[in-house]
Amino acid sequence: MTILLVDDKQENLLSLEDMLQAPNRVFLKALSGNEALKLTLKHPDIGLIMLDVQMGDMDGYEVARLLKSNPKTKDISIIFVTAINKEEQYVLKGFEEGAVDYLAKPLDVDITRAKVRVFEKLYFYQEELKHTLADKDKINKQLERFMFVVAHDLKSPLNGAIGLLNVIAEDERIKNEPDLHEYMQIVLTATNHLTEMITSGAGLHPQKRGRAAQRAGGCRAAAAAAGEAPVPAGACIRAV
């Protein structure tokens, strides 16, 4: 995890870095609020900010407020570190500006390390969740593309069968036989219903299904033109 340390005194930064050193941590250091803001935009992998409240150019409250107002940095955890303003009203102000915790100087080594470990675990849990959701989204998109192609492959022969059934249903020999005519209407209703089920099974707007089917059809048509064996639906998923 990348941790940004912000303090306008170099010795405080070095002391805090030494206190929190661990094999799986990378530290960035800023001597002002402006520098801290620049670093957070430059390093999107920052998982925690240890932010001093009292600084010359811009205090910690202002830095936190600006970070929380930016969509790119609003989710970074912030721990305020301060030697003064320990009263309840100032602590509450820190939380209102976006801090998730508050540490008072002089820092207790064990407490500081323990709190950082908690936020470190939270950071990795959140990263794992992001990857899981990204994988889920990727799989869902693959399934959608597969459904497009399968729906097209099923509907093509089914539409041909429906067309032939309509021709047969209009034949005078069928119309003159009430029982046969009724049976044909039942078959047509069932096949049309099946077509609707396949279409709805694709799960997206008809225009999107049409584009996907067109691309999939083009994929298989290209293979046929090249004299290759028929291409199964799954093989054209990437083309869609």
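Predicted, not measured: the structure shown is a model, and the values here were computed from it.

Chemist: Give a description of the overall build of the protein chain that names residues and reports values.
Modeler: On a plain count of helices and strands, the protein chain comes out with eight helices and five strands. For the protein chain, the succession of helices and strands along the chain, N to C, is β-α-β-α-β-α-β-α-β-α-α-α-α. In the protein chain, buried positions account for 36% of the 240 residues. Long-range contacts, defined here as pairs at least 24 residues apart, represent 59% of the contacts in the protein chain between residues at least 6 apart.

Chemist: Before we move on, could you go through the nonpolar core and cite the residues and values that matter?
Modeler: By size, the foremost hydrophobic cluster in this structure holds 21 residues, and its most contacted members are Leu4, Val6, Ile49, Leu51, Val63, Ile78 and Phe80. For this core, the secondary-structure elements that each account for two or more residues are β1 (2-6), β2 (26-30), α2 (33-42), β3 (46-52), α3 (60-69) and β4 (77-82). Per-element tally for this core: the top contributor is α3, with four residues. Among all residues touching Val63, those that are not within four sequence positions of it are Gly33, Leu37, Leu51, Met55 and Met58.

Chemist: Requested: an account of the packing of α2 against α3, with residues and values cited.
Modeler: It is the contact of α2 with α3, at a shortest axis distance of 10 Å, that shows an interaxial angle of 25°. By the angle between their directions, the pair α2 and α3 is classed as roughly parallel. Crossing handedness for the pair α2 and α3: right-handed. For the pair α2 and α3, contact is made by Gly33, Leu37 and Thr40 and by Val63, Leu66 and Leu67, respectively. Of the residues assigned to the contact of α2 with α3, the class counts are four nonpolar, two polar and no charged.

Chemist: Lay out the confidence of the model for the protein chain in plain terms, naming residues and giving numbers.
Modeler: Of all residues in the protein chain, 76% have pLDDT values of 70 or greater, and the mean over the chain is 77. Counted against residues more than four places away or in other chains, residues 204-210, with its pLDDT under 50, gives seven contacts. Per-residue pLDDT stays below 50 along residues 215-240; that stretch engages in 28 contacts with residues further than four places along the chain or on separate chains.

Chemist: Just give me the short version of the pairing of β1, but keep the residues and values in it.
Modeler: In terms of residue burial, β1 counts as a mostly covered element, since five of its five residues are buried. Residues of β1 alternate between two faces, with Thr2, Leu4 and Val6 on one and Ile3 and Leu5 on the opposite face, all of them buried. Taken together, the five bridges between β1 and β2 define a ladder with parallel strand orientation. Residue pairing across strands places Leu5 opposite Lys29, the latter belonging to β2. With helix α1 (residues 10-20) bridging β1 and its parallel neighbour β2, the resulting β-α-β unit is right-handed.

Chemist: Give a description of α1 that names residues and reports values.
Modeler: Considered for burial, the residues of α1 that qualify are Leu13, Leu16, Glu17, Met19 and Leu20. Buried positions in α1, seen along its axis, are confined to an arc of 160° and lie on one side of it. Turning to α1, the residues buried within the fold contact β1, β2, β3 and α5 (109-169).

Chemist: So what about the pattern of salt bridges? Which residues, and what values?
Modeler: Taken as a whole and assessed by the stated rule, the structure comprises eleven salt bridges. Among the salt bridges present, the one from Glu62 reaches Arg65, with a minimum N-O distance of 2.2 Å. Placement of both Glu62 and Arg65 in helix α3 is noted, with a separation of three residues, approximately one turn of the helix. What makes Glu62 partly exposed here is its relative accessible area of 27%. Using a relative accessible area of 36% as the deciding quantity, one classes Arg65 as partly exposed. In this structure, Glu127 and Lys130 form a salt bridge, with 3.4 Å as the shortest nitrogen-oxygen distance. On the criterion of helical spacing, the pair formed by Glu127 and Lys130 is a turn pair, its members being three residues apart in helix α5. Several salt bridges converge on common partners, so that one network encompasses Asp7, Asp52 and Lys105.

Chemist: Lay out α5 with the relevant residues and their values.
Modeler: Under the 1.5 Å per step criterion, the end-to-end length of α5 is 87 Å for 61 residues, consistent within 8% with the ideal 90 Å. The sharpest bend along α5 reaches about 25° and sits at Lys155, with the proline Pro157 one to four residues further on. Among the residues of α5, those classed as buried are Thr112, Val116, Phe119, Glu120, Tyr123, Phe148, Val149, Ala151, Leu158, Ile162, Leu165 and Ala169. Of the residues that open α5, the one with a side-chain oxygen 3.0 Å from the backbone nitrogen of Asp110 is Asp108.

Rules and cut-offs
Residues numbered from 1 in each chain as written. Predicted model: local features only at pLDDT ≥ 70, side-chain atom pairs only at ≥ 80, totals over all residues. Heavy atoms only, no water. Helix = DSSP H or I, 4+ residues; strand = E, 2+ residues; numbered from the N terminus. Buried < 20%, exposed > 50% of the residue type's maximum accessible area, 1.4 Å probe, protein only. Contact = heavy atoms within 4.5 Å. Core = buried A, V, L, I, M, F, W, Y, C linked by side-chain atoms within 4.5 Å. Axes fitted to C-alpha atoms, helices over the stretch in contact; angles between N-to-C directions. Parallel < 35°, antiparallel > 145°, perpendicular 65-115°, else oblique. Left-handed = near helix turned anticlockwise from the far one by under 90°. Nonpolar A, V, L, I, M, F, W, Y, C, P; charged D, E, K, R; others polar. pLDDT = per-residue confidence, 0-100. Pairing = 2+ DSSP bridges. Right-handed = clockwise from strand over helix to strand, strands pointing away. Arc of directions from axis to C-beta. Salt bridge = Lys/Arg side-chain N within 4 Å of Asp/Glu carboxyl O. Expected span 1.5 Å × (residues − 1). Bend = angle between axes of the 7 residues up to and from the residue. Polar contact = N/O pair within 3.5 Å; in protein donor to acceptor, adjacent residues only side chain to side chain.

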